[in-house]
Amino acid sequence: MGYTFLILLLGWGTCVICSWIGISLKDNKLLYVPFLLGGWSPTIASFLALKKHNRVTGIKNWLGNIFDFRHGLFAYVMPVVFAAAFILPQCVISGFEEGAPFFVIIFMAPMMLLEEAGWRYILQPELEEKHSFALSAIVVSFIWWIWHLPLFHIEGASQYRQNYFAFGINVLGLSFALAAIRKKTGSVWLCVFFHCIVNSLSGIYLIHDNIWGNVSATALLILCSFVSLKIEKGQKAI
């Protein structure tokens, strides 16, 4: 956790300071270097922490643990259903505008690949060793929400000057969904897969601001999370 926020401060902290003095990402492309560094902070911290405690032997072993592609049908359907449960209520309740064309999901998805290497690879499972599933998901959602805070003060970032509270409601629902995927399938890759789908669809369907859309989507995701954990474990091998 300490590694994550130290790298975050170096990366996004630089970008925030630049925004304060009037330099945005659009004005200076070199700012994308610290911007990407901040975004990859959970990824870098994950590897450093696991290597320090001899839980991985190297980058190849670490990546192999993350990208475990071999799962059954249920395991792959679960992230897709959860993504629909998140996007559809917001589109219906809040309304939306068309953003990027749908095929762009192919190019957008790889941009979000490795953030889950920190949150769901290490943090969520370790919290569940001491606390309940629900409490662990809530704690992770709060940390994840705080981690995103600098983006709302970086001119040129997609979250710049958006509603941070409404975003936090979404983060709560997404945290429950990701925790359920991790617990049910044991896979970090499927958490990555879900995160990629959600972020890509959010760029394709530009949802209007409406707090009730956020609340509805989060409530549905939390419900889906608990229901999925009740399904017999044998289902995941289908």
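See the structure above.
Residues numbered from 1 in each chain as written. Predicted model: local features only at pLDDT ≥ 70, side-chain atom pairs only at ≥ 80, totals over all residues. Heavy atoms only, no water.

Asker: Whenever I open this one, the nonpolar core confuses me. Can you help?
Answerer: Generally speaking, nonpolar side chains in soluble globular proteins are found buried as a group. Ranked by internal contacts, the top residues of the largest apolar core, which has 62 residues, are Phe 35, Trp 62, Phe 82, Tyr 121, Ile 154 and Phe 194. When residues of this core are assigned to their parent elements, the largest contribution, eleven residues, is made by helix α10 (residues 188-204). Not counting the four nearest positions on each side in its chain, Phe 82 is found in contact with Ala 177, Ala 180, Ile 181, Phe 194, Leu 221, Cys 224, Ser 225 and Ser 228. (Core = buried A, V, L, I, M, F, W, Y, C linked by side-chain atoms within 4.5 Å. Buried < 20%, exposed > 50% of the residue type's maximum accessible area, 1.4 Å probe, protein only. Helix = DSSP H or I, 4+ residues; strand = E, 2+ residues; numbered from the N terminus. Contact = heavy atoms within 4.5 Å.)

Asker: When you look at the side chain of Ser 19 in this model, what are you seeing that I'm missing?
Answerer: Here Ser 19 lies in helix α1 (residues 2-20). A polar side-chain atom of Ser 19 sits 2.9 Å from the main-chain amide nitrogen of Glu 155. Beyond its immediate stretch of four places on either side in the chain, Ser 19 contacts His 153, Ile 154 and Glu 155. (Polar contact = N/O pair within 3.5 Å; in protein donor to acceptor, adjacent residues only side chain to side chain.)

Asker: Explain the pattern of salt bridges to me, please; I cannot follow it from the model alone.
Answerer: Pairs can form between side chains of opposite charge whenever their charged atoms are close. Counted by the stated rule, this structure contains three salt bridges. As a salt-bridge pair, Arg 55 and Glu 126 come within 2.7 Å of each other at their nearest N and O atoms. Note that Arg 55 is positioned in the loop between α3 (41-52) and α4 (59-66) and Glu 126 in helix α7 (residues 116-128), a separation of 71 residues in sequence. In this structure, the salt-bridge partner of Lys 183 is Glu 128, at a minimum N-O distance of 3.0 Å. Here Glu 128 lies in helix α7 and Lys 183 lies in helix α9 (residues 164-185), a separation of 55 residues in the sequence. Residue Lys 183 is classed as partly exposed on the basis of its relative accessible area of 47%. (Salt bridge = Lys/Arg side-chain N within 4 Å of Asp/Glu carboxyl O.)

Asker: Where do I start with the layout of surface pockets in this structure?
Answerer: To find leftover empty space, a probe the size of one water molecule is rolled over the atoms. Taken as a whole, the second largest pocket spans an internal volume of roughly 200 Å³. Together, Met 1, Tyr 3, Thr 4, Pro 42, Ala 45, Ser 46, Ala 49, Gly 118, Trp 119, Ile 122, Leu 123 and Glu 126 line the second largest pocket. Put simply, the parts of the chain that give the lining of the second largest pocket at least two residues each are α1, α3 and α7. No other element matches the five residues that α7 contributes to the lining of the second largest pocket. Here the lining of the second largest pocket is built from residues that sort into eight nonpolar, three polar and one charged. (1 Å grid on protein atoms, 1.4 Å probe; cavity = no way out; pocket = protein on both sides within 12 Å on 5 of 7 lines; lining within 4 Å. Points joined across faces, edges and corners; volume = space filled by probe spheres on them. Nonpolar A, V, L, I, M, F, W, Y, C, P; charged D, E, K, R; others polar.)

Asker: What should I look at first to understand a nonpolar patch on the surface in this one?
Answerer: A contiguous nonpolar patch, built from Val 92, Ile 93, Phe 165, Ile 211, Trp 212 and Val 215 and spanning about 620 Å² of accessible area, is present on the exposed surface. Here the nonpolar patch gets three residues from one element, more than from any other, and that element is helix α11 (residues 211-230). Note on placement: Phe 165 falls in helix α9. On the basis of relative accessible area, Phe 165 is assigned to the exposed category, the value being 54%. (Patch = residues over 30% accessible without salt bridge, like charges linked within 9 Å, V, L, I, M, F, W, Y side chains within 5 Å. Areas by Shrake-Rupley, 256 points an atom, 1.4 Å probe, with all protein chains shown as cover.)

Asker: I would appreciate a short explanation of α10 in the present structure.
Answerer: Under the 1.5 Å per step criterion, the end-to-end length of α10 is 25 Å for 17 residues, consistent within 8% with the ideal 24 Å. Among the 17 residues that make up α10, 13 are buried, leaving the element largely enclosed by the rest of the structure. N-capping of α10 is provided by Ser 187, with a side-chain oxygen placed 3.2 Å from the backbone N of Trp 189. (Expected span 1.5 Å × (residues − 1).)

Asker: It is not clear to me how helix α2 (residues 32-39) should be interpreted in this structure. Could you clarify?
Answerer: The α-helix advances 3.6 residues per turn, and as a result positions three or four apart in sequence lie on the same side. Regarding α2, the residues found buried are Pro 34, Phe 35, Gly 38 and Gly 39. Down the axis, α2 shows its buried residues gathered within 140° of arc, on one side only. In this structure, the buried side of α2 is in contact with α1, α3 and α8 (133-148). (Arc of directions from axis to C-beta.)

Asker: Is there a simple way to think about the state of the cysteines in this case?
Answerer: Here, disulfide denotes a covalent bond that connects the sulfur atoms of two cysteines. Under the counting rule described, the total for this entry stands at zero disulfides. Cysteine Cys 191 is unpaired, with the sulfur of Cys 196 as its nearest cysteine sulfur at 11 Å. For Cys 196, a relative accessible area of 6% translates into the label buried. (Disulfide = S-S within 2.5 Å.)

In short, the description is geometric, and any link to function would need to be established separately.
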